[in-house]
Amino acid sequence: MKYILLLLALLEVFSPQAQFSYGSIAITNKKKLKQIQRVPFNEVVVFDNRFDTTNFLVALNFNGVEIDSFSRPASQEIEFYIKGRITPLPKDKRTLYINLKQLRFGNIPGLSGKMFFSADAYIAEEGKLIKVYSLKNEYGIRRSFNHTIASTLDKFLQQLSDRFYREKHTDTSSMKDLDRNVTAGWASYSIFSYDNTKDGVYKTFNDFREDKIDSSVQFNLQFGNDSAYHIAFPKQSIYNTGQSESLYHFWGVCCNGQLYLLLLGKYLLPLNKRGNTFYFDLPKTMPDMRTMIQLGPIYGGLGNGFTPVLSGMDAKGAVIFLGVIVAVAITFVIVESIIKVIKKNNSKTEKSAAKNAVPIFKENNFRHCFLDMDTGDIIYR
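On a predicted model such as this, the values are computed, not experimentally measured, just so you know.

## Comments concerning the overall build of the protein
Of the regular secondary structure elements, the protein holds ten helices and 17 strands. By residue count, 45% of the 381 residues in the protein fall in the buried class. Considering only contacts within the protein whose residues lie at least 6 apart along the sequence, 68% involve residues at least 24 apart. Summed over all atoms, the accessible surface of the protein reaches about 20000 Å², with 52% contributed by carbon and sulfur.

Laid out in structure tokens, this is it:
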């Protein structure tokens, strides 16, 4: 187990989240905008209607946990970037309004390494607010946070400009539509009016969101010493295999009217509704969410479920796999020793750099968690 934890720690250090962890960034791009002959606006106003407007990722670095965010409020940062990008281009005298609903990098395994973006574009013309373009997509991290965000915003500008001049737009809106948090749309998901008289299992996040419960699965819950609930199946149940990997095929359960989220295939924690989302708190008897993310897949409901790496291996394969773990663990120890030497030899440099260091948010305990109802991601602080 010790070697496995060392391996996970090493992998985390070289993961995209850690590699691209800047703490605070300004969006920049030296390349010229391509395929844009003219833009239909000369002013831009951004409404930041994301669920979490404080940051776009919680990441791990050598010093601890840092919160990655923009160097100024997101709305101002994006406005400044877009104005700079259109400066050399011919432009019409209008105002572009952007409803930013999603700009965030995934936290949990299965979503990490991706950026989720969603925004609507409106043009003010003749006293009317006309919706001209919407973009909702996910993108893999390319080179850096800055590059990924900048290239996405450039694509947004290119497509909205192209569509404005090519298509006729009649979808009018009001300023009230621009000032609605993304959670307002989450209210339409079926889970917010779920039938709490049924006990059953949600196999995926989508099933949970749409309240598609499998009530044929028989189970009971037991409260453990770790302050979490644990699921048990009847002896005759097909799910009573005696092996924990089957639990990874569940996202959560409903029992006696209470919803529960299944974490790491063994911890069931109560979900509580707040606004148009759900939240849960990790008890102090369990690792915090940042640590749990390092331990493995949080839940198996984003795809077809998760099967532990050793499942299905023969004895020879298991030995080889454990050998690789040991080898990587030894490498980790060596790398750690090298880092200590470098730190010792560069203590003066570190003291100087500390003045401009990224703030480490040690006061956050990372146990208060919310569900992003668009992606299934866990936002924690």
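## As for the environment of G106
Its place among the elements puts G106 in the loop between β5 (95-105) and β6 (114-125). Note on G106: relative accessible area 1%, which makes it buried. A sequence separation of 32 residues divides G106 from E138, and the C-alpha atoms of the two residues are 9.8 Å apart.

## Topic: the sheet that holds strand β8 (residues 172-173)
Strand order across the open sheet formed by five strands is β2-β5-β6-β7-β8, with mixed pairing between neighbours. The outermost strands of the open sheet, each flanked by one partner alone, are β2 (43-48) and β8. Here strand β7 (residues 128-140) pairs with β8 via two bridges, running antiparallel. Bridging across to β8, I130 finds its partner in T172.

## So, the nonpolar core
By size, the foremost hydrophobic cluster in this structure holds 42 residues, and its most contacted members are F41, I82, F117, I149 and F156. Going through the elements one at a time, β2, β3 (57-61), α3 (74-86), β5, β6, β7 and α4 (145-166) are the ones with two or more residues in this core. With eight residues, the single largest contributor to this core is α4. With sequence-adjacent residues up to four places away left out, F41 is seen in contact with I82, I86, K91, D92, R94, T95, L96, I123, L157 and L160. Of all hydrophobic cores here, the second largest spans 38 residues; its members include L111, V182, I293 and Y299.

## What to know about the side chain of N99
Within the fold, N99 resides in strand β5. According to the relative accessible area criterion, N99 is buried, its value standing at 4%. Sequence-distant contacts of N99, defined by excluding residues within four places in its chain, comprise F47, N49, S118, A119, D120, Y122, D177, L178 and R180.

## Describing the pairing of β7
The pairing of β6 with β7 spans twelve bridges and is classified as antiparallel. Paired with A121 across the bridge in β7 is Y133. The hairpin turn running from β6 into β7, its antiparallel successor, is two residues long, and E126 in that turn takes a positive phi close to 55°.

## Let's talk about a positive patch on the surface
Taken together, the side chains of K31, K34, R142, R143 and K155 define a basic patch exposed on the protein surface. As for its placement among the helices and strands, K155 is situated in helix α4. We classify K155 as partly exposed; its relative accessible area is 32%.

## Brief notes about the pattern of salt bridges
All chains considered together, the criterion is met by 13 salt bridges. Between R38 and D92 there is a salt bridge, and its shortest N-O distance comes to 2.7 Å. Note that R38 is positioned in the loop between β1 (24-25) and β2 and D92 in the loop between α3 and β5, a separation of 54 residues in sequence. Its relative accessible area of 37% is what places R38 among the partly exposed residues. A relative accessible area of 14% means that D92 is categorised as buried. Close ionic contact of E138 with K114 constitutes a salt bridge, the shortest N to O distance being 3.2 Å. Residue E138 is located in strand β7, and its partner K114 is located in strand β6; the two are separated by 24 residues in the primary sequence. One network of salt bridges, with partners in common, ties together R38, D92, R94 and E125.

## Quick word on unusual backbone geometry
Located in the positive-phi region is N256, a residue other than glycine, with phi close to 55°. Position of N256 among the secondary structure elements: in the loop between β12 (252-255) and β13 (258-263). Phi is positive for F366, close to 55°, though the residue is something other than glycine. Along the chain, the position of F366 falls in the loop between α10 (347-353) and β16 (368-371). Residue classification places F366 among the buried residues on the basis of a relative accessible area of 5%.

## What about the confidence of the model for the protein?
Averaged over every residue, the pLDDT of the protein is 77; residues scoring 70 or more account for 72%. Contacts from residues 1-21, a stretch scored under 50 in pLDDT, to residues over four places away or in other chains number 40 contacts. Here residues 303-363 is modelled with pLDDT under 50, and outside its nearest four sequence neighbours on either side it reaches 41 contacts, counting other chains as well.

The rules behind these values
Residues numbered from 1 in each chain as written. Predicted model: local features only at pLDDT ≥ 70, side-chain atom pairs only at ≥ 80, totals over all residues. Heavy atoms only, no water. Helix = DSSP H or I, 4+ residues; strand = E, 2+ residues; numbered from the N terminus. Buried < 20%, exposed > 50% of the residue type's maximum accessible area, 1.4 Å probe, protein only. Contact = heavy atoms within 4.5 Å. Areas by Shrake-Rupley, 256 points an atom, 1.4 Å probe, with all protein chains shown as cover. Pairing = 2+ DSSP bridges. Core = buried A, V, L, I, M, F, W, Y, C linked by side-chain atoms within 4.5 Å. Patch = residues over 30% accessible without salt bridge, like charges linked within 9 Å, V, L, I, M, F, W, Y side chains within 5 Å. Salt bridge = Lys/Arg side-chain N within 4 Å of Asp/Glu carboxyl O. Lys, Arg positive; Asp, Glu negative; His and termini not counted. Charge placed at Lys NZ, Arg CZ, Asp CG, Glu CD. pLDDT = per-residue confidence, 0-100.

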